[in-house]
Amino acid sequence: MDNQWEQREMWQPEEPRKRHRSGFGAGVLVGVLSTMLVVLLAGAVAAGAYITLRRGTGSQGDTAERQTGQGGDLDTGMTWNADLLSQAAMIDTYLDEYYMYEVDREELRDGMLSGMVAALGDPYSEYYNEEELSSFHDSTQGEYVGIGAAVSQERSSGIVKISRPYEGTPSAQAGLLPGDVIIAVDDTQVTGMDLNQVVGLIKGEEGTTVMMHIYREEGNQYLDIEVTRAQVEIPTVIPKMLEGNIGYLEVTGFDGVTAKQFISAYESLQGQGMEAVIVDLRDNGGGLVDTVEEMLDFLLPEGTIFYAQDKNGEKSMIYESDAEAALDIPMVVLVNGNTASASEIFSGNIQAFGKGTIVGTTTYGKGVMQQLFYTNEERTAAVKLTVADYYINGDKNVNGGGIVPDVEVELSEEASRLVDIPEEDDNQLQKGIEILKGQMAGN
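Before going into details, it helps to say that this report is about the structure given with it. (Residues numbered from 1 in each chain as written. Predicted model: local features only at pLDDT ≥ 70, side-chain atom pairs only at ≥ 80, totals over all residues. Heavy atoms only, no water.)

Digging into unusual backbone geometry
So, point 1. Here the phi dihedral of Asn 220 falls at roughly 50 degrees; this positive angle occurs in a residue that is not glycine.
So, point 2. Within the element layout of this structure, Asn 220 appears in the loop between β9 (209-216) and β10 (221-228).
So, point 3. Owing to a relative accessible area of 52%, Asn 220 belongs among the exposed residues under this scheme.
So, point 4. Despite not being glycine, Arg 379 shows a phi value in the positive range, around 60 degrees. (Helix = DSSP H or I, 4+ residues; strand = E, 2+ residues; numbered from the N terminus. Buried < 20%, exposed > 50% of the residue type's maximum accessible area, 1.4 Å probe, protein only.)

Focus on a negative patch on the surface
So, point 1. A contiguous patch of negative charge, built from Glu 102, Asp 104, Glu 106, Glu 130 and Glu 131, is present on the exposed surface.
So, point 2. Relative to the helices and strands, Glu 131 resides in helix α5 (residues 130-138).
So, point 3. Glu 131 sits in the exposed class, given a relative accessible area of 56%. (Patch = residues over 30% accessible without salt bridge, like charges linked within 9 Å, V, L, I, M, F, W, Y side chains within 5 Å. Areas by Shrake-Rupley, 256 points an atom, 1.4 Å probe, with all protein chains shown as cover. Salt bridge = Lys/Arg side-chain N within 4 Å of Asp/Glu carboxyl O. Lys, Arg positive; Asp, Glu negative; His and termini not counted. Charge placed at Lys NZ, Arg CZ, Asp CG, Glu CD.)

Overview of the nonpolar core
So, point 1. Among the nonpolar cores identified, the biggest contains 44 residues, and Phe 262, Tyr 266, Leu 299, Phe 306, Val 333, Phe 346 and Ile 350 are the most heavily contacted of them.
So, point 2. Not counting the four nearest positions on each side in its chain, Val 333 is found in contact with Val 279, Leu 281, Phe 346, Ser 347, Ile 350, Thr 357, Ile 358 and Val 359.
So, point 3. Ranked by size, the runner-up nonpolar core spans 19 residues in total, among them Leu 195, Val 198, Val 199 and Met 212. (Core = buried A, V, L, I, M, F, W, Y, C linked by side-chain atoms within 4.5 Å. Contact = heavy atoms within 4.5 Å.)

Quick notes on the packing of aromatic side chains
So, point 1. With the rule as written, the count across this model stands at 9 aromatic pairs.
So, point 2. Taking the centre distance of 5.5 Å and the plane angle of 35 degrees together, the rings of Phe 306 and Tyr 390 count as tilted. Of this pair, Phe 306 sits in strand β15 (residues 303-310) while Tyr 390 sits in strand β20 (residues 382-392); the two residues are 84 residues apart in sequence, bridging distant segments of the chain.
So, point 3. For Lys 240, the ring lying beneath its charged end belongs to Tyr 248, and the centroid distance is 5.2 Å.
So, point 4. Residue placement shows Lys 366 over the ring face of Tyr 124; its charged tip is 5.1 Å from the ring centre. (Phe/Tyr/Trp six-rings, centres within 6.5 Å; stacked < 30°, edge-to-face > 60°. Lys NZ or Arg CZ within 6 Å of the ring centre and 35° of its normal.)

See the structure below:
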């Protein structure tokens, strides 16, 4: 996991987000003091100690180091030049001598590190402290302690919403609905907060409760809903057979186990006489590139699926599908505005190879990739940085534009409010079925 290229926070706004940490001044939160991680280094520099910068550079875990010795001969072109270190040390002194309230040094450190990355203005690059990093890793495993709901964030406003409470989980049992705006989690306001932080607040120990303060547009209601956390295991691939021998595969994420689940489910439906298939990627925010590549290699004929290109124009992670293709029946892929990242790699390749019809609304449009770099020897903190553009099926980049469906269909307003949409009320699904029946009849 440490060197996978991944992105699971799909709905973050384009503008820099405020980092809402209790006890912080607003200036630290928005990155006004974004480069002030050097407060932690100032004392060491004054004492003539070495500063070592270490970053992971590949699957072998190589490191690149930069050191400065006695005298603090720092490269003034770097962010942490001597003048900045001096200012940071001075602020630290002022906090000790004059600041009226108690200073939580750990919180202050996290705020400074977060602010440094937030000041980049990149919605996908972020710093993770120990708790956030643990949550990040948990999010790719398909099993965790929480409330069992997918959350999303509007790109422009930073508003966080419940996009899907999974059936049978604490969120659904407590009455949370799709579209509920999360105003606060317990006592913490979450609008504009990094989505990983919001998820971290919602998760907790099994059996404990979390208070979700929400706004529900229907009825103009402000509600406080208490949810008891539980162990939640959510299958990432949910198969079933529809009428007319049409298989249906809902893929909720691209986690480490998803490819195996997908191939197994697809072959199971084949064994039941599947003559056409629908893959539902609506509200699927993506995940691991290796996973989606394995799924596409299983389905598609020979060709280029994907490659990444870094700031120097160097190409890497070039994925090719081989000539063995399992997909020999009509396919429809359902997408919407929350279909992002790895989901766009999947749907975009199906479209580009001419192996299926994309139905729904234009996808999110995330065509950049991130890599995780640990920032300490204990690997308890990390920074996730945008390191490359990615291209699908040769030279198509979806960033900002998304995948435009072959057949555009908006989900009906009534269906969008339901936790579990009946097949007959899902107009996007029904359009997909209609298309497949027409193609099957044509054969």
